[in-house]
Structures are given as structure tokens and as C-alpha cells.
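Secondary and tertiary structure notes
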Amino acid sequence: MSQKKLASFIKTLVRRIIYYRENRKVLRLLKNSVNQKRLIDFLTPNHGNIGDQAIAMCESRFLKEHFSGHQIIEIPTVCWDSAKKKIIPHIQPEECILVHGGGFLGTLWMGSGGEPGFREILQVFSTNRIIVFPQSVFFSDDKFGRMQMAISREIYQRHSNLSICVREENSYKCIGKNRLLKDLKQCILMPDIVTYFKKDFSKYTRNNEVLLCLRNDKEKILARDMEKQIEDTLLNMGIPFSHTDTVVPYKMFADRREEEVLKKMREFAQSRMVITDRLHGMILAAVTATPCLFIDNCSKKVSGSYEWLKNLEYIRPFENIQNMQVFIRETADKTIYHYDNTYLQPYY
């Protein structure tokens, strides 16, 4: 066996061992809590997207703070995919099922943890109360998008005990305009759950470096020439910059989640400023009180979610190079900002 094949074999074996361990943990929790009050959160992430992991972390914190009498059980996407036949018998028809928040409803992400996975949850648990944490909903305006929307509409409307929280106006309008739910009262507009997070980051000293946290996937709309202009302008202004991302190249489960999310938050909190086209690039900047210019993505979920944050003086849209230069000068004194989400509390 070649070294390449051996490395691939070992990697696959390790992954299977990890998945087996996670499946055993989930099944044990379900079995041992059958007579307790429970809230079960489906489709939580096991991939390296720090934004999704931050959502899961804040979902867990929110539930523990507001439903302390319940046991909170996560069922990661990988466990649902590989052990659903064993999981299903442990869920009682009267139990409330939660679905992880994020931006996977619609056609942007059609993998197992996206729209198809959500449809499956609705079909399998057709009588359970199901509540979806704040989501973005986006169906492409083409033949494929319209076909998928019709499939989703039929499945969504069939489930009479479903509520979907959405985190921006565009998603709310998408559900209403396309009658994805029987009754628009089943749709609740509220902020992304990561805005619920509150921690004082003012003890971290800001350096002079700008973080460029930019996408490199199908949601990206920032042209490469504009990205180059941003870099050249920072160089001409004598401002150092570095590239970062809210995605890491390895799997991540709940036992490592908080450590990784807080590590990324500290990186933001210690930077001079963040320029990002990632939704949770903007939100992590907001909660760490880090000056930020945001650029939209293809589904406009970034600008849509900014509506909840627009009263924060240190978060602004990137319009052009000139407004970037103005913002850099305005924040040059490294004023200590503070994140206050008091005004958002009624929505949670």
C-alpha cells in the first residue's frame, strides 16, 4: 500500500471512529433521558465553519438559560445521517424538536445538513412541534430553484405544527410571498442567535492590523479586482493587514466548539478593524465590539442581518474605497467600543 493510500485509509478510519463515538454518545443520552423533559436540537454542525459553531454554542447557552428544567440534547448532522434508524424510536411524538439555525434553507446548500435534511426531519417527525432557530431562506431564481421551492412548499405546508424563525426581512418576504407556510404567523422575524452572546472583550489590546475575512465560495460576490483595491489602499495607507476566515479545515464537535469560537472572537477583538463579506464575520465583530466594514453576499443575508446591528456605530457597510478610508480614519484612535444587545432582548 502506497503512503498516500495508507494516509487516506488512516484518515477514513479515524473519521469512522469519531462518528461511532458521537453516535454512541447521542444514543446513550436519548435512551437515558426518555422520562425527562427534553429539548432536542437537530442538524447541529460537525464541520469547521466557526459561524455555524457559534450559532450552535449560542443555541445551547440560550436553551440552558431559559429552559433549565430540560435536558438539552444535540443531534449533529453526521449522527442523523449515519444513525437515524436508531435515533427515531427514541423521539416521542409529544416532544418539541428544534432545528439548528444558519443559512441552509433553500437551494444554496443542498447537502444532507441543508434543505434536504430539514425536509427529512419534517417528514419523519410529522406530528411533533418543530421550531427552527433563526435561519436565512434563499431559493435561486431559475428552473432548479422554482422546482425545489415547490417541493419545499408541499412539505412545509403539510406540517401544521412548524415554526420557522428567520433572521432578516428578505427571508421573511420569501416565505410570505411564496406561501412556503400555511400561515405567515408560523414565521417569526428575529436576530441571528449569535447576537445573543454577551462578553466583555475590552481587556484585549487592539493591534494596528486590519483583518480581511473574505469568502471563497459560491456565496461570494466581491470581485477580485475590488479585493485587490482594498489591499493596495491599506498598503498605501501604511496599515498592515492579514487574511483570516471563519472556516477551519477540520471537523469539530461540541467538545471543541466553545474553545474554537472564543479563539476566533479573541482574534477579532485584538485587531484594529475587520473587513468581511461573511455574516458571522460581521456578527463576531459586533459582539467583540470590533470596528467592521461589511460587504454583502449573494443572498443578501449580511445586509439583511445588519438591520439588527445598524445602531452600533462601529459596524458599517463597505460602499467604496473612499468610505473605507474615512472609516479607518474615524476609528484610528482605537476607541474602546462596547456591545450592548439590550434592545434585542425582546426578540429572543
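Quick look at the structure, then. Nothing here was measured: the structure is a model prediction, and the numbers come from that model. (Residues numbered from 1 in each chain as written. Predicted model: local features only at pLDDT ≥ 70, side-chain atom pairs only at ≥ 80, totals over all residues. Heavy atoms only, no water.)

**Quick look at the overall build of the protein**
- Looking only at helices and strands, one finds 11 helices and 12 strands in the protein.
- Taken over C-alpha atoms, the radius of gyration comes to 21 Å for the protein, in line with the 20 Å a tight globule of 348 residues would show.
- Counting only C-alpha atoms and orienting by the principal axes, one finds that the protein spans roughly 60 × 55 × 45 Å.
- For the protein, the residues scored as buried account for 53% of the 348 residues in total.
- When contacts within the protein are restricted to residue pairs at least 6 apart in sequence, those whose partners lie at least 24 apart make up 77%.
- Accessible area of the protein: about 16700 Å², with a carbon and sulfur share of 52%.
- Positive and negative side-chain charges of the protein, numbering 52 and 40 respectively, have mean locations separated by a distance of 6 Å. (Helix = DSSP H or I, 4+ residues; strand = E, 2+ residues; numbered from the N terminus. Rg over C-alpha atoms; globule rule 2.2 N^0.38 Å. Buried < 20%, exposed > 50% of the residue type's maximum accessible area, 1.4 Å probe, protein only. Contact = heavy atoms within 4.5 Å. Areas by Shrake-Rupley, 256 points an atom, 1.4 Å probe, with all protein chains shown as cover. Lys, Arg positive; Asp, Glu negative; His and termini not counted. Charge placed at Lys NZ, Arg CZ, Asp CG, Glu CD.)

**Some details on the pairing of strand E4 (residues 102-106)**
- Of all five residues in E4, five are buried, a share of seventy percent or more.
- Here three bridges tie E4 to strand E5 (residues 129-138), and the two strands are oriented parallel to one another. Residue pairing in the sheet places Gly102 in a bridge with Gln135 of E5. (Pairing = 2+ DSSP bridges.)

**A closer look at the packing of helix H8 (residues 254-269) against helix H9 (residues 279-287)**
- Two numbers describe how H8 lies on H9: the axes approach to 9 Å, and their chain directions differ by 70°. With respect to each other, H8 and H9 are oriented roughly perpendicular. Note on element contacts: H9 touches H8 through Gly281, Leu284, Ala285 and Val287, opposite Lys264, Met265 and Phe268.
- Its residues assigned to classes, the contact of H8 with H9 shows five nonpolar, one polar and one charged. (Axes fitted to C-alpha atoms, helices over the stretch in contact; angles between N-to-C directions. Parallel < 35°, antiparallel > 145°, perpendicular 65-115°, else oblique. Nonpolar A, V, L, I, M, F, W, Y, C, P; charged D, E, K, R; others polar.)

**A short note on the environment of Asp52**
- Along the chain, Asp52 turns up in helix H2 (residues 50-66).
- Sequence separation between Asp52 and Ile239 is 187 residues, and the spatial gap between their C-alpha atoms is 31 Å.
- Asp52 has contacts with Pro45, His47 and His100, leaving out every residue within four places of it along the chain.

**Brief notes about the pairing of strand E1 (residues 38-44)**
- Extensive coverage of E1 is indicated by the burial of seven of its seven residues.
- Of the pairings in the sheet, the one linking E1 to strand E2 (residues 71-76) comprises six bridges and is parallel in character. Bridge assignment links Asp41 to a residue of E2, and that residue is Glu74.
- Inspection of the sheet shows E1 paired to strand E3 (residues 96-99) by three bridges, in the parallel sense. Within the sheet, the bridge partner assigned to Asp41 lies in E3 and is Leu98.

**Examining the packing of aromatic side chains**
- For the structure on display, the rule yields 11 aromatic pairs.
- With a centroid separation of 5.4 Å and an interplanar angle of 85°, the aromatic rings of Phe42 and Trp80 are classed as edge-to-face. Separated by 38 residues along the polypeptide, Phe42 in strand E1 and Trp80 in helix H3 (residues 77-87) bring together distant segments of the chain.
- What makes Phe42 buried here is its relative accessible area of 0%. (Phe/Tyr/Trp six-rings, centres within 6.5 Å; stacked < 30°, edge-to-face > 60°.)

**Looking at the packing of helix H7 (residues 224-236) against helix H11 (residues 321-330)**
- For the pair H7 and H11, the least separation of the axes is 11 Å and the interaxial angle reads 35°. The handedness of the crossing between H7 and H11 comes out as right-handed. Across from Met226, Gln229, Ile230, Thr233 and Leu234 in H7, the residues of H11 making contact are Ile321, Met324, Gln325 and Ile328.
- The class makeup of the residues in the contact of H7 with H11 is six nonpolar, three polar and no charged. (Left-handed = near helix turned anticlockwise from the far one by under 90°.)

**Here's the deal with the side chain of Arg278**
- Counting through the fold element by element, Arg278 comes out in the loop between strand E10 (273-276) and H9.
- Accessibility expressed as a relative area gives 7% for Arg278, which makes it buried.
- Side-chain polar atoms of Arg278 contact the side chain of Thr246, separated by 3.4 Å. (Polar contact = N/O pair within 3.5 Å; in protein donor to acceptor, adjacent residues only side chain to side chain.)

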